[in-house]
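Here is how the chains run, residue by residue.
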Amino acid sequence: MTNATLFLENDPAAYQIANTTLDARAALVLDADGYRFGTLNMNGGALAFSAANPAGSATIATLGNTSGNFYLNADLSGWPAASCPPA
């Protein structure tokens, strides 16, 4: 995927692409839970969960040997303060 944002919603089972390759100006935004990727090559691109899917999950069988950005939601409120590094 080149220079685009792909917003995936509703039917994770319908996304059956074994190899997904992004570029630095591309993003995959997941709006539903349970997407499964074969190989994901980031190439500077981004993978994110939408605001409507803050507790979503996805499976990546093989993460390619490239860099990229993952935008994740994390609730750290239950972690004890002693286990968190200082800011």
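Residues numbered from 1 in each chain as written. Predicted model: local features only at pLDDT ≥ 70, side-chain atom pairs only at ≥ 80, totals over all residues. Heavy atoms only, no water.

Colleague: Before we go on, may I ask you to explain the overall build of the chain in this structure?
Modeller: Helix and strand counts for the chain stand at 0 helices and 7 strands. Mapped from its N terminus to its C terminus, the chain presents α and β elements in the order β-β-β-β-β-β-β. Every one of the 87 residues in the chain was classed for burial, and the buried ones make up 30%. Within the chain, contacts between residues at least 6 apart in sequence are counted, and of these 22% link residues at least 24 apart. (Helix = DSSP H or I, 4+ residues; strand = E, 2+ residues; numbered from the N terminus. Buried < 20%, exposed > 50% of the residue type's maximum accessible area, 1.4 Å probe, protein only. Contact = heavy atoms within 4.5 Å.)

Colleague: Whenever I open this one, the pairing of strand β5 (residues 46-49) confuses me. Can you help?
Modeller: The side chains of a regular strand alternate, residue by residue, between the two faces of the sheet. Side chains A46 and A48 project from β5 onto one buried face, and the interleaved L47 and F49 project onto a second face that is buried too. Pairing of strand β3 (residues 27-30) with β5, which is carried by 4 bridges, proceeds in the parallel orientation. Opposite V29, over in β5, you have A48 as the bridge partner. Bridging between β5 and strand β7 (residues 69-71) involves 3 bridges; their strand directions are parallel. Bridging across to β7, L47 finds its partner in F70. (Pairing = 2+ DSSP bridges.)

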